[in-house]
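# Structural description and commentary
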Amino acid sequence: MAAFRTRLAPSPTGSMHLGNARTFLITWWLARQAGGEVLLRLEDLDRARVKPGLVERVIEDLRWLGLDWDEGPILQSERVALYEAALRSLIEGGHCYPCVCSRKEIRAAVNAPHAEDEESTYPGTCRGRFASWEEARAFKGRPPAWRFRVPAGEIAFDDRFLGRVALDPAQAGGDFVVRSVDGAFAYQLAVTVDDAAMGINEVVRGDDLVASTPRQLLLYRTLGLAPPRFTHLPLVLDECGARMAKRKGDTEIAFLRTRGIDPREVIALLARCSGFPEAPAALSAAALVERFDLARVPREAVRFSPLPWSQTC
Ligand code: GLU
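A brief structural summary.

Reading the values: the criteria
Residues numbered from 1 in each chain as written. Predicted model: local features only at pLDDT ≥ 70, side-chain atom pairs only at ≥ 80, totals over all residues. Heavy atoms only, no water. Phe/Tyr/Trp six-rings, centres within 6.5 Å; stacked < 30°, edge-to-face > 60°. Buried < 20%, exposed > 50% of the residue type's maximum accessible area, 1.4 Å probe, protein only. Lys NZ or Arg CZ within 6 Å of the ring centre and 35° of its normal. Helix = DSSP H or I, 4+ residues; strand = E, 2+ residues; numbered from the N terminus. Contact = heavy atoms within 4.5 Å. Axes fitted to C-alpha atoms, helices over the stretch in contact; angles between N-to-C directions. Parallel < 35°, antiparallel > 145°, perpendicular 65-115°, else oblique. Nonpolar A, V, L, I, M, F, W, Y, C, P; charged D, E, K, R; others polar.

Our next topic: the packing of aromatic side chains. According to the stated counting rule, one finds seven aromatic pairs in the structure shown. On the basis of an interplanar angle of 55 degrees and a centroid distance of 5.4 Å, the ring pair of F130 and F139 is categorised as tilted. With relative accessibility at 52%, the residue F139 sits in the exposed group. Ring pairs connect the aromatic residues W29, F276 and F292, which therefore count as one cluster. The aromatic ring of Y122 is capped on one face by R147, whose charged end is 3.6 Å from the ring centroid. Of note, R299 hangs over the ring of F161, and the distance from its end group to the ring centre comes to 4.0 Å.

Written out as structure tokens, the structure is:
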């Protein structure tokens, strides 16, 4: 197995934007520089948001940018038996419990009616409440979710970019869902099971996921799996300071691709905010493999100056 084995893990739930592209580009530079292996995994478990054609579009976007991979594409939707087995082992070990709480009930219980769901900490309402999944189902009249029981205490890890990170997932989020009421396996479980099963030893992703890492480390530990090393990169904001994911149109790779923009101009733009401020107007992803240096990547979220093909804010 390669010393550096990583994955590109897009969620085909919308258009790939310049922010995702930059994270993938840096992941790819790190892997290729290390002589490592890259796997392409499509995280398509959110059936409500994965629209027909989006998987193909993401693949086309990556190819257009000049990125390649050694294995895949692998679809998570074809791997549910693995997630099922992991969940079963968590349940048998007493690490999960059925939960009947709706989002509304959780918001009311934590007395934070305006809090975003992901920001509020689950108050533990269903911890120890039901003896079985069947009992929870009968109580609510519909299938319950499964939640992972988060032990108290900090979880620390050494991030290749952020340095030492210590977070207490019991305080930040609390017991988290591993299988939702509609039967879908949650990101935290699927990503952990997959990264371990695929022998991924380097995970590079946006720092919007840094709070997920302690949860995933708990799953690694509980399932007896070896965790990878993590590298969390700052996000990219548009010239108005908004997250790329919030914006449509000129920051979407498919938009640029179908407008006939030269992908080498896009790579140059991404290189300029990734430690190469002197990058020329156009260059290929492959051109910078040797010279890429993680230490030169800006520590804070980067904000694009108006894009050459920009629309107004
Ligand atoms: N699929 C996730 C995303 O597109 C990335 C998950 C990960 O890298 O762990 O944000």
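Once that is clear, we can look at the environment of I155. When you line up the elements, I155 lands in strand β6 (residues 155-159). Note: C-alpha distance between I155 and S89 (66 residues apart in sequence) is 22 Å. Dropping the residues within four chain positions of it, I155 is found in contact with V165, A166, L167, P169, P214, L217, L218 and R221.

Moving on to the packing of helix α3 (residues 80-92) against helix α7 (residues 212-223). Viewed as axis vectors pointing N to C, α3 and α7 meet at an angle of 75 degrees, and their least axial separation amounts to 11 Å. Put simply, α3 runs roughly perpendicular to α7. Contacts between α3 and α7 pair A86, S89 and L90 from the former with L219, T222 and L223 from the latter. Partitioned by chemical class, the residues of the contact of α3 with α7 number four nonpolar, two polar and no charged.

Limitation: the analysis is restricted to geometry and does not speak to function.
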